[in-house]
Amino acid sequence: MSKSPRRPVAGLPDEETLIAFLREAGSAEKTDIARHFGLKGGERRALREMIRALEEAGKLGKRGRKGFAEVGAMPAVGVADVVERDVDGELYVRLVEASADAPRALLVPDNGGKTGPAPGMGDRVLAKFTRTEDGWEARLIKKLDAGANKVLGVIRKSNKEVRVEPVDRKSKDVLIVPHAQAEGLRDGDLVLAAIEKGDQRYGPKRGKILEKIGHEGDARAASLIAIAAHNVPMGFSEAVEKEAEDQELPSLKGREDLRDLPLITIDPADARDHDDAVYAMRDDDPKNADGWIVWVAIADVAAYVRPNSALDREAREKGNSTYFPDRVEPMLPERLSNGLCSLKEGENRACMAVRMVFDKDGKKTGHKFVRGLMRSQAKLSYEQAQAAIDGQTDDTTGPIMEAILYPLWNAYRTMLKGRLKRSPLAIESPERRIRMNAEGQIISIEPRVSLEAHRLIEEMMIQANVCAAETLEQKKTPLLYRVHDAPSQEKLFNLGDFLQTIGKPWTKGEPATTKRFNKLLDETRGGDHAEVVNEVVLRTQMQAIYSAENVGHFGLNLDRYAHFTSPIRRYSDLIVHRGLIRALGLGKDGLTDREVTELPAIAEQVTMTERRSMAAERAAMDRYMAAFLQERVGATFGGRITGVTRFGLFVRLEETGADGLVPVSSLGGEYFTHDEKQHALIGERSGQRWTLGRTVEVKLKEATPITGGLVFEMLSEPAPRDPNAPAARLGARGRGGGDFPKRGGGRPGGPKPPKGGRPSGGLKGVRKGKRR
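Report follows, based on the coordinates. (Residues numbered from 1 in each chain as written. Predicted model: local features only at pLDDT ≥ 70, side-chain atom pairs only at ≥ 80, totals over all residues. Heavy atoms only, no water.)

**Things to note about the overall build of the protein**
Logical step 1: Helix and strand counts for the protein come out as 15 helices and 35 strands.
Logical step 2: For the protein, buried positions account for 54% of its 772 residues.
Logical step 3: In the protein, the proportion of contacts linking residues at least 24 apart, taken out of those at least 6 apart, comes to 69%.
Logical step 4: When the accessible surface of the protein is summed, it comes to about 34500 Å², and 47% of that surface belongs to carbon and sulfur atoms. (Helix = DSSP H or I, 4+ residues; strand = E, 2+ residues; numbered from the N terminus. Buried < 20%, exposed > 50% of the residue type's maximum accessible area, 1.4 Å probe, protein only. Contact = heavy atoms within 4.5 Å. Areas by Shrake-Rupley, 256 points an atom, 1.4 Å probe, with all protein chains shown as cover.)

**Digging into the packing of aromatic side chains**
Logical step 1: Under the counting rule described, the total for this entry stands at five aromatic pairs.
Logical step 2: Aromatic side chains Phe 21 and Phe 37 sit 5.5 Å apart centroid to centroid with 70° between the ring planes, which places their arrangement in the edge-to-face category. Note that Phe 21 is positioned in helix H1 (residues 15-25) and Phe 37 in helix H2 (residues 30-37), a separation of 16 residues in sequence.
Logical step 3: Taking relative accessible area as the criterion, Phe 21 reaches 0% and is therefore assigned buried.
Logical step 4: Of the residues examined, Phe 37 reaches a relative accessible area of 2% and is grouped as buried.
Logical step 5: Each member of the aromatic cluster is reached from another via a ring pair, and the members are Trp 506, Phe 517 and Phe 554.
Logical step 6: Geometry around Tyr 546 places Arg 482 over its ring, the cationic atom sitting 4.6 Å from the centre. (Phe/Tyr/Trp six-rings, centres within 6.5 Å; stacked < 30°, edge-to-face > 60°. Lys NZ or Arg CZ within 6 Å of the ring centre and 35° of its normal.)

**What to know about helix H13 (residues 530-540)**
Logical step 1: Across the eleven residues that make up H13, a large majority, ten, are buried.
Logical step 2: All of the buried residues in H13 are Ala 530, Val 532, Val 533, Asn 534, Glu 535, Val 536, Val 537, Leu 538, Arg 539 and Thr 540.
Logical step 3: Contact partners of the buried residues in H13: helix H11 (489-501), helix H12 (514-524), strand E27 (636-645) and strand E28 (648-653).

**Considerations on the pairing of strand E31 (residues 680-683)**
Logical step 1: Of the two faces of E31, the one carrying Ala 680 and Ile 682 and the one carrying Leu 681 and Gly 683 are both buried.
Logical step 2: What sits between the antiparallel neighbours strand E30 (residues 671-675) and E31 is a turn of four residues, in which His 679 has the positive phi angle 55°.
Logical step 3: Counting the residues in the hairpin turn of E31 and strand E32 (residues 689-691) gives five residues, including Gly 687, whose phi is positive at 75°. (Pairing = 2+ DSSP bridges.)

**A word on the sheet that holds strand E4 (residues 77-85)**
Logical step 1: Taken in spatial order, the five strands close into a barrel running E4-E5-E6-E8-E7, and their pairing is mixed. Here the average twist between neighbouring strands, direction ignored, is 55°.
Logical step 2: For E4 and strand E5 (residues 91-95), the ladder comprises five bridges, and the chain directions are antiparallel. Residue pairing in the sheet places Arg 85 in a bridge with Leu 91 of E5. (Axes fitted to C-alpha atoms, helices over the stretch in contact; angles between N-to-C directions.)

**Details of the pairing of strand E24 (residues 442-447)**
Logical step 1: Both strand E23 (residues 432-436) and E24 contribute to a ladder of five bridges, which runs antiparallel. Paired with Met 436 across the strands is Ile 442, a residue of E24.

**Observations regarding the pattern of salt bridges**
In a structure, side chains of opposite charge can pair up when their charged atoms sit close to one another.
Logical step 1: Evaluated as defined, the whole model comprises 41 salt bridges.
Logical step 2: Its salt-bridge partner being Arg 104, residue Glu 490 comes within 3.1 Å of it at the nearest N-O pair. Of this pair, Glu 490 sits in helix H11 while Arg 104 sits in the loop between E5 and strand E6 (105-108); the two residues are 386 residues apart in sequence, bridging distant segments of the chain.
Logical step 3: Between Lys 504 and Glu 523 there is a salt bridge whose closest N-O contact spans 3.1 Å. Remark: Glu 523 occurs in helix H12 and Lys 504 occurs in the loop between H11 and H12; sequence separation between them is 19 residues. (Salt bridge = Lys/Arg side-chain N within 4 Å of Asp/Glu carboxyl O.)

**What about the sheet that holds strand E9 (residues 150-157)?**
Logical step 1: Here we have five strands rolled up into a closed barrel, ordered E9-E10-E11-E13-E12, and mixed in their pairing. Adjacent strand axes in the sheet meet at a mean angle of 50° when their direction is disregarded.
Logical step 2: Relative to E9, helix H4 (residues 221-229) is tilted by about 140°, and along the sheet it contacts E9, strand E12 (189-195) and strand E13 (205-215).

**Observations regarding the packing of helix H10 (residues 452-474) against helix H14 (residues 571-584)**
Logical step 1: The geometry of H10 relative to H14 is characterised by a closest axis approach of 10 Å and an angle of 45° between their N-to-C directions. The angle between the axes of H10 and H14 places the two elements in the oblique class. Considering only the axes of H10 and H14, their crossing is left-handed. Packed against H10, whose contacting residues are Ala 468, Thr 471 and Leu 472, the element H14 presents Val 576, Gly 579, Leu 580, Ala 583 and Leu 584 at the interface.
Logical step 2: Residues belonging to the contact of H10 with H14 are distributed by class as follows: six nonpolar, two polar and no charged. (Parallel < 35°, antiparallel > 145°, perpendicular 65-115°, else oblique. Left-handed = near helix turned anticlockwise from the far one by under 90°. Nonpolar A, V, L, I, M, F, W, Y, C, P; charged D, E, K, R; others polar.)

**Overview of the packing of H4 against helix H15 (residues 593-629)**
To characterise two packed helices, one gives the angle between the axes of the helices and the distance between these axes.
Logical step 1: Running from N to C, H4 and H15 cross one another at 150°; their axes reach a closest spacing of 8 Å. In terms of orientation, H4 and H15 fall into the roughly antiparallel class. With respect to the hand of their crossing, H4 and H15 are arranged in right-handed fashion. In contact with Ala 222, Ser 223, Ile 225 and Ala 226 of H4, H15 contributes Ala 616, Ala 619, Ala 620, Arg 623 and Tyr 624.
Logical step 2: Taken together, the residues that form the contact of H4 with H15 break down as seven nonpolar, one polar and one charged.

**Here we look at the environment of Leu 580**
Logical step 1: Relative to the helices and strands, Leu 580 resides in helix H14.
Logical step 2: When its relative accessible area of 0% is taken as the criterion, Leu 580 is described as buried.
Logical step 3: Residues contacting Leu 580, with those up to four places away along its chain left out, are Met 352, Phe 369, Ala 468, Thr 471, Leu 472, Phe 564 and Leu 586.

In structure tokens:
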């Protein structure tokens, strides 16, 4: 809470006085407001009623867990998280202690780099807030980082000194460490070092080596760097490992016997844990002609990971499993994740299952949860299942076609009618897969193929998640929702500005709906602008989060949604399982009263850990891509401009999907103005333009695997002046020859490009490792 700005005055304030007080204080809790105005007894009750009325009127909003603030107000100085990147690559922050509808602010870095490394997505900053004609601005005071006194870097030895060069492309903290500390270390070793405190003002800082992480030449160094740089918890304590080893398979006692139900698992070919199984059959109820019964069975992790146990505490700290091309940092020990909880073929496994009924139009008409004991009939990969449906069976799929696979596909195609009527957001944003050999060397980078088998499992998991939310609401049991808010008006206006540049009409004042977005995507699909329209529509979306309060899921077009289907790798799902056990009286290991009170804090924790994992996974991918392209420096590539910023152009290569920067200083010998509305860099003298979405040819100038940075040289010519375009607004200007204020342009340590397909928290793709 901010310090009270006025001396206490006696008496219940009127609404204007209360709002004025909160405006000055920034935020305050009820007890502090009462103390400030000297309220007691009945006056405190009246204050609570006044605050409630102001909340309902939309004048006050929550700030933190107990505080209140004027809606739309910002403190003079506050701590904020970098939460969004717009279509032009500009960063926006939101106060740490703010409600979901709190305003965001454009992050304005200081001039000259006095505040240190430029912030990136997910960073926490201290900023000064001011209101402008265009909204709020947050001028960076300093970047806050729990590990700000530590540097993850590479040892560089010379006769004179030993340096630790940071692997973070935005960091300038090169450290000098004593030769004695570097004994036994090789040039290129990855180390974690601490910045030593002192009054040194000039030259490299002094440091102390804390531990060796690996070597930059290691094939799997990218994952190690990402894990260490993003503080992803590794391994498990002895207490947790012992607790996991002591677990045994539950008996049939208190469970429904589902072992004769021919459930099967369908997963990626390299999956080691199998947390869901499916089965479908025709409904023989004459009242539901041509309807289907679909079973989804999920590993019963709650049977092993009990509230407040060592397993539970570490799982909550990890929040989720983190996936890299070469390894997984699991949420649970292997004894559970790949053992007792994994629904292995032919083995008895405890499960939480839901039986869902769909009519001939794909509408769900009923469901029921049971706690059971199951035995998977077959383990299939997505490719194997799809090949069987396409007519290429094998020894595993051939015998189960009639009884299992055909019914599954027929049920899915019926469910698809309901999905199409619901019209969830249909963004197409292909992902890339890194293929590695046994030695960890990259063989290829290729697009992930989307199969009907992926979509079948995805839709069945979505419906099971809906059932979980519906049941918990019906039983009035608190739960963790997976929420995804509708895009803000500001984002919709920005989308409209962009679409105007490619000649697509977009009524800015019309409300956002998934059908409206899908119509736009359909109209541009297959055209020259299809890829960039998909990208910009995706960036227009809000990020999905976990919350104890429900606002629905915009992207899926659902009123209520909860994660239930992946408790092996997501703590949120484990909490939902415990809620179902409590609500339905399925055991004594359900959600506790303490957990009910902690749900808002748990929601914040698992949202944070999810974003931490996403950032680490992206960072590792960037480094692997840079390593793969390192031998092709000097080669020419086709690409597309995916970001237009004050400091340059971000280009995504068609061949690999790798992102890199064309610094503004390399674009020519004139000033370039960044026009936000036209999403373009425009030459002030010539009027020549570089615009978002344009296909270009670039040469790879630098590839730095240790940071993941790629720098390109533009080979294409700019577009000529547009005689019909409005005059460019004055803004940040860049000049060829290096006169542009440096924000990373021209070096591999420059700012990160906007990442396609991620801001909305996983609205696309298949479920393994995805975060719908």
